Amino acid sequence: RKEVEQDPGPFNVPEGATVAFNCTYSNSASQSFFWYRQDCRKEPKLLMSVYSSGNEDGRFTAQLNRASQYISLLIRDSKLSDSATYLCVVRDFNKFYFGSGTKLNVKP
Amino acid sequence: DGGITQSPKYLFRKEGQNVTLSCEQNLNHDAMYWYRQDPGQGLRLIYYSQIVNDFQKGDIAEGYSVSREKKESFPLTVTSAQKNPTAFYLCASSLRDRTDTQYFGPGTRLTVL
């Protein structure tokens, strides 16, 4: 079983749509949680950390459910520039575990 | 500017040759990591180091070697024993604080001819 699992997509949505990604993790003792964005042939870049109380950064909202071992990312009012692969990342002590990513295509 | 640099950006190697990928950071991070990414795949951990002169194998260490002689530097050698080395190699660093995230370099794209 993989430590972090994501739906690979792709999610094809029109501009202005709201889209949600989900991610599950296997280790209930995991300490920290993040969403990264990766553009084609580029390095991953931190989008936002995920806190138990939920957190928002502009059009992006992240949620963590420790009981269900589930992380989500909601993108409102999608822009063309949001097209990328979104990686769910979990930190266990000194190691980071990456999901394989969910690809988002935002279309005009 | 603080950050992580990797060189070269593109690297071509003949089969049977060893090659060393550079990774340098000026973020004063203790921990450094090497990952491999294949097309359409997630990141897989090759090696990581929490402190100078110490490092641990990740999930796919066979055919790779590393050193950590300085806090700022964590070079990766891809040896001829690595059967399928063509991939995108990413170096990352973080604080040892368990709440901190990782920061990535721009990557090196290695192609074996």
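Before going into details, it helps to say that this report is about the structure given with it. (Residues numbered from 1 in each chain as written. Chains lettered and ligands numbered in written order. Predicted model: local features only at pLDDT ≥ 70, side-chain atom pairs only at ≥ 80, totals over all residues. Heavy atoms only, no water.)

Details of the sheet that holds strand β3 (residues 19–25) of chain B
Residue and element names in this part refer to chain B.
Turning to step 1, where the next piece is worked out: Across the sheet, four strands lie side by side as β1-β3-β8-β7; this open sheet has antiparallel pairing. In the strand order of this sheet, the two ends are held by β1 (4–7) and β7 (64–66), each with one partner. Strand-to-strand, the axes of this sheet are offset by a mean angle of 20°, without reference to chain direction.
Turning to step 2, where the next piece is worked out: Alignment of β1 against β3, held across four bridges, turns out to be antiparallel. Counterpart to T5 in the pairing with β3 is E24. (Pairing = 2+ DSSP bridges. Helix = DSSP H or I, 4+ residues; strand = E, 2+ residues; numbered from the N terminus. Axes fitted to C-alpha atoms, helices over the stretch in contact; angles between N-to-C directions.)

Some thoughts on the state of the cysteines
Turning to step 1, where the next piece is worked out: Counted by the stated rule, this structure contains two disulfides over all chains.
Turning to step 2, where the next piece is worked out: Shown here is the disulfide that connects C23(A) with C88(A), its sulfur atoms set 2.0 Å apart. Since a negative S-S torsion denotes a left-handed disulfide, the C23(A)-C88(A) link at about -75° is left-handed. Linking C23(A) in strand β3 (residues 19–25) with C88(A) in strand β9 (residues 84–92), this pair joins segments that are 65 residues apart in sequence. The burial state of C23(A) is the same as that of C88(A); both residues are buried.
Turning to step 3, where the next piece is worked out: Disulfide pairing is shown between C23(B) and C91(B); the S-S distance is 1.9 Å. Disulfide C23(B)-C91(B): torsion about the S-S bond near -75°, hence left-handed. One end of the pair, C23(B), is in strand β3; the other, C91(B), is in strand β9 (residues 87–94), and 68 residues separate them in sequence.
Turning to step 4, where the next piece is worked out: Since its relative accessible area comes to 0%, C91(B) is described here as buried. (Disulfide = S-S within 2.5 Å. Buried < 20%, exposed > 50% of the residue type's maximum accessible area, 1.4 Å probe, protein only.)

Treat this as a map of the structure, not an account of what it does.
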